[in-house]
Amino acid sequence: MLALGCDHGGYPLMKEVIQYLDEQKIAYKNFGTFSEESVDYPVYGKMVAKAVAEGECEQGILICGTGIGISITANKIKGIRAALCGDVFSAKATREHNDANILALGARVTGPGLALEIVKAFLETPFSNDERHVRRIRQIEAE
Ligand code: RB5
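Here the structure is a predicted model, which is why all the values come from computation and not from measurement.

**Notes on the pattern of salt bridges**
For the coordinates displayed, the defined rule picks out nine salt bridges. The shortest N-O distance in the salt bridge between aspartate 99 and arginine 95 comes to 2.8 Å. Classification of aspartate 99 by relative accessible area gives partly exposed; the value is 23%. The exposure class assigned to arginine 95 is buried, which follows from its relative accessible area of 8%.

Here it is in structure tokens:
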């Protein structure tokens, strides 16, 4: 199950992402927001990050205007590795190397065509499980 969250800046792109997920029959839980009325991105970033960190959802997608504020917020939650991606190479690499569990997108930065390619790459790429990457993720998580 995917957890979805966005602010008003991310809402137009989130509609496109949801259409893609519906077409692909990919299950999701949508934490909002549900319109372009101004809201605070940390509220949605935290809801999605907690759903992933607590195991309610395996992965998440977060969208705000730049993708920056909402990814900073998500990365405050222990166990979350949120990756802001603006290209397909990074989306693939962050799954293979960082086992990123949340994809962040910037709706005012990345057009919908590219954004959907990024979503596809993120969702379809498994973690490599290479020893060096497992070790580095453990180092991220260490106090
Ligand atoms: C909202 O105007 C905007 O600040 C937000 O969507 C995001 O870009 C913050 O990082």
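**Some words on the packing of aromatic side chains**
Counting across every chain of the model gives zero aromatic pairs. Here arginine 95 stacks its cationic end above the ring of phenylalanine 122, 5.8 Å away from the centre of that ring.

**Quick look at the site of the ligand**
The immediate surroundings of the ligand are formed by Asp7, His8, Tyr41, Cys64, Gly65, Thr66, Gly69 and Arg108. Note that an oxygen atom of the ligand is positioned 2.6 Å from one of the side-chain N or O atoms of aspartate 7. A distance of 2.7 Å separates an oxygen atom of the ligand from a polar backbone atom of glycine 65. Protein burial of the ligand: of its 300 Å² of free accessible surface, 72% is covered by the chains.

The rules we used
Residues numbered from 1 in each chain as written. Predicted model: local features only at pLDDT ≥ 70, side-chain atom pairs only at ≥ 80, totals over all residues. Heavy atoms only, no water. Salt bridge = Lys/Arg side-chain N within 4 Å of Asp/Glu carboxyl O. Buried < 20%, exposed > 50% of the residue type's maximum accessible area, 1.4 Å probe, protein only. Phe/Tyr/Trp six-rings, centres within 6.5 Å; stacked < 30°, edge-to-face > 60°. Lys NZ or Arg CZ within 6 Å of the ring centre and 35° of its normal. Near = heavy atom within 4 Å. Polar contact = N/O pair within 3.5 Å; in protein donor to acceptor, adjacent residues only side chain to side chain. Areas by Shrake-Rupley, 256 points an atom, 1.4 Å probe, with all protein chains shown as cover.

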